[in-house]
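In case you want the letters, here they are:
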Amino acid sequence: RDRIGRLRHRRRIELAVGLRVSLLHYGPMENPIRVVARFSAKPDRIEDVKRVLTDFVAPTRGEEGCIAYDLLQNAADPTDLTFVEEWTSEAALEK
């Protein structure tokens, strides 16, 4: 999916499973590009949110230019989920 498509899809997830996007941060505008996207799930929807977000991992890792795409969960606050992405270039991220 292109970057806008991924953001739109994240918005649909937000609406569907009670997810609140708390931070979307792009790394330095040089190669490689790093993105950190933090999500805050409602406490009663943590497993639903994890399941939906986990579905992004394998397909995104297979996209051209994807170096890393990981979903992390905060051990101290399980409602805090974070995607850490790394792309070969801005052009790869935008595809």
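Everything below is about the structure printed above this text.
Predicted, not measured: the structure shown is a model, and the values here were computed from it.

### Describing the overall build of the chain
Argument step 1. Regarding its fold elements, the chain presents 3 helices and 4 strands.
Argument step 2. Here the chain, with 95 residues, has 39% of them falling under the buried criterion.
Argument step 3. The long-range fraction of contacts in the chain, counting pairs at least 24 apart against all pairs at least 6 apart in sequence, stands at 52%.
Argument step 4. When the accessible surface of the chain is split by element, carbon and sulfur atoms take 54% of a total near 5,400 Å².

### What to know about helix α2 (residues 46-61)
Argument step 1. Taking 1.5 Å of rise per residue, 16 residues should cover 22 Å, and α2 covers 23 Å from first to last C-alpha, within 8% of that figure.
Argument step 2. Of all the residues in α2, the buried ones are I46, V49, L53, F56, V57 and T60. Looking straight down α2, one finds its buried side chains confined to an arc of 115 degrees; they lie on one side. Those residues of α2 that are exposed and angled more than 90 degrees off the buried face are D55, A58 and P59.

### Details of the packing of aromatic side chains
Argument step 1. Evaluated as defined, the whole model comprises 3 aromatic pairs.
Argument step 2. Centroid distance F56 to F83: 6.1 Å. Interplanar angle 85 degrees. Geometry classified as edge-to-face. Residue F56 is found in helix α2, and its partner F83 is found in strand β4 (residues 80-87); the two are separated by 27 residues along the sequence.
Argument step 3. Its relative accessible area of 6% is what places F56 among the buried residues.
Argument step 4. Accessibility expressed as a relative area gives 0% for F83, which makes it buried.
Argument step 5. Aromatic side chains Y69 and F83 sit 4.7 Å apart centroid to centroid with 35 degrees between the ring planes, which places their arrangement in the tilted category. With Y69 in strand β3 (residues 66-73) and F83 in strand β4, the pair connects residues that are 14 residues apart, well separated along the chain.
Argument step 6. With a relative accessible area of 0%, Y69 lands in the buried category.
Argument step 7. Each residue in the set F39, F56, Y69 and F83 is aromatic and connected to the rest through ring pairs, giving one cluster.

What counts, and where the lines are drawn
Residues numbered from 1 in each chain as written. Predicted model: local features only at pLDDT ≥ 70, side-chain atom pairs only at ≥ 80, totals over all residues. Heavy atoms only, no water. Helix = DSSP H or I, 4+ residues; strand = E, 2+ residues; numbered from the N terminus. Buried < 20%, exposed > 50% of the residue type's maximum accessible area, 1.4 Å probe, protein only. Contact = heavy atoms within 4.5 Å. Areas by Shrake-Rupley, 256 points an atom, 1.4 Å probe, with all protein chains shown as cover. Expected span 1.5 Å × (residues − 1). Arc of directions from axis to C-beta. Phe/Tyr/Trp six-rings, centres within 6.5 Å; stacked < 30°, edge-to-face > 60°.

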